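Per-entry structural report
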Amino acid sequence: MSKAFASQADLDDKKTTFEQLSKHCWAYTAEGDPNSGVIIGEKFIMVSDATATPAMAQDLIRQIRTVSDKPIKYVLLTHYHAVRVLGASAYVAEGATEVIASRGTYELIVERGAEDMQSEMERFPRLFRGSESVPGLTWPTLVVGDGQPGRQGSLTVDLGGVKVEIWHPGQGHTRGDTIAWVEEEKVLFSGDLVEYEAGVYTGDAQLEEWPATLEALRALKAEAIVPGRGEAMKGRADVDKALDYTKRWVTTLFQAGKEAAAAGMDLKAAMAHTRKSMDPVFGHVFIYEHCLPFDVSRAYDEAKGIKNPRIWTAERDKEMWAALQG
């Protein structure tokens, strides 16, 4: 292949930042690497997105312990991707008794969790350092909702002095995306439904539905957001910038996919066509080149009527990569 597969050549560590956004809410961000959120109550702590391995979770735990000694009782899985969930077991020693996920996320773990774990580990080895510490798939102990979007299926968790509402706002990054919302402080933990100035991975996305889900998030009028990747955004205007950034990526990508499918292009031609509209706007951002092949593949599939994303396996990853490089 003409270049290293996915992010196998990305070996440079990113600087992490642990930043307080409100009285109870914190952001753990990493220069475009996956973020986590932390909500610290008077009795308990919740972590939103667990990191990729128990070994890598130790840095986040160390950061939390600089500000609180309360038990980290709850771990929220905003979706099923391995890089977000496989570190969950690290929090058991810190008091975790509940792993929370939506019905859609649980179903996706059943359907494709094992394949996704192998696929992601091979794509981005740096993010899975200490993978030998992973005991296996992460399974939720508390499943929220019935798979239908909206707050009517929400769960409210009282951490002591702060309440966190958790629900599936709609399909987007996956069909099971889950958010945490601290209404009193107007802080939103969006997972990969929202990104800012970083690649938006859409390999398992529901592209047609995603923009409407972003508008449902906008209606919350958050004053701060912890996106899946990129810096934490503070102030309504900056929250809107992150929503707009993600929406532009998704709509530009899907439009190109629809044009490629309508013209009968093969995948390599679809990639070249998509680059014409994506490269000038997004080509500079972190992991753009990592995301784009998977994104184009999914946009092309969805445009051709494949609503349930095909499962990525390590073998399919490399076949796709070779087809685009050859």
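Everything here concerns the structure above.
Treat the numbers as computed from the prediction; the structure is a model and nothing was measured.

Moving on: the side chain of Thr 174. Turning to its location among the elements, Thr 174 is positioned in the loop between strand E9 (163-167) and strand E10 (179-182). Among the polar contacts made by the side chain of Thr 174, one reaches the main-chain amide nitrogen of Gly 176 at a distance of 3.0 Å. With sequence-adjacent residues up to four places away left out, Thr 174 is seen in contact with His 79, Tyr 80, His 81, Leu 108, Asp 204 and Gln 206.

Relative orientation of the contacting elements helix H6 (residues 267-282) and helix H7 (residues 288-303) amounts to 125 degrees, with a least axis distance of 10 Å. Regarding the angle of H6 to H7, the classification is oblique. For the pair H6 and H7, the crossing hand works out as right-handed. Here Leu 267, Ala 270, Met 271, Thr 274, Arg 275, Met 278, Asp 279 and Phe 282 of H6 come into contact with H7, specifically with Tyr 288, Glu 289, Leu 292, Pro 293, Val 296, Ser 297 and Tyr 300. Tallied by class, residues from the contact of H6 with H7 come to 10 nonpolar, two polar and three charged.

With respect to topology, seven strands assemble into an open sheet ordered E1-E2-E3-E4-E5-E6-E7, the strand pairing being mixed. At either end of the open sheet lies a strand with only one pairing partner, and these are strand E1 (17-20) and strand E7 (142-144). When strand polarity is set aside, the average angle formed by the axes of neighbouring strands in this sheet is 20 degrees. Across four bridges, E1 lies against strand E2 (residues 25-30) in antiparallel orientation. Across the sheet, residue Gln 20 finds its bridge partner in E2, namely Trp 26. Each of E1, E2, strand E3 (33-40), strand E4 (45-48) and strand E5 (72-76) touches helix H1 (residues 54-65); the most contacted strand, E4, lies at about 145 degrees to it. On top of the sheet, helix H3 (residues 103-123) reaches strand E6 (98-102) and E7; it is set at about 95 degrees to E6, its chief contact.

Rules and cut-offs
- Each residue is numbered by its place in its chain's sequence as written, counting from 1.
- The predicted origin of the model limits local features to residues at a pLDDT of at least 70 and limits the giving and counting of side-chain atom pairs to 80 or more, whereas totals for whole chains, interfaces and linings rest on all residues.
- Calculation of side-chain values draws on the structure's entire complement of heavy atoms; hydrogens and water are dropped beforehand.
- Helix and strand assignments come from DSSP, with helices taken as H or I runs of at least 4 residues and strands as E runs of at least 2, each series counted from the N terminus.
- Residues adjacent in sequence count toward polar contacts only when both atoms are side-chain atoms; beyond that, a polar contact is any pair of N or O atoms within 3.5 Å, and within protein one must be able to donate a hydrogen and the other to accept it.
- By definition in these notes, contact holds between two residues if any of their heavy atoms fall within 4.5 Å.
- Each axis is a line fitted through C-alpha atoms, taken for helices only over the stretch in contact, and angles between the N-to-C directions span 0 to 180 degrees.
- In this scheme, roughly parallel covers angles under 35 degrees and roughly antiparallel covers those over 145, while 65 to 115 is roughly perpendicular and the rest are oblique.
- In this scheme the crossing of two helices becomes right-handed for a clockwise turn of the near helix relative to the far one and left-handed for an anticlockwise turn of less than a right angle.
- Residues are grouped as follows: Ala, Val, Leu, Ile, Met, Phe, Trp, Tyr, Cys and Pro are nonpolar; Asp, Glu, Lys and Arg are charged; all remaining types, including Gly, are polar.
- The rule for pairing is simple: two strands pair if DSSP sees at least two bridges between them.

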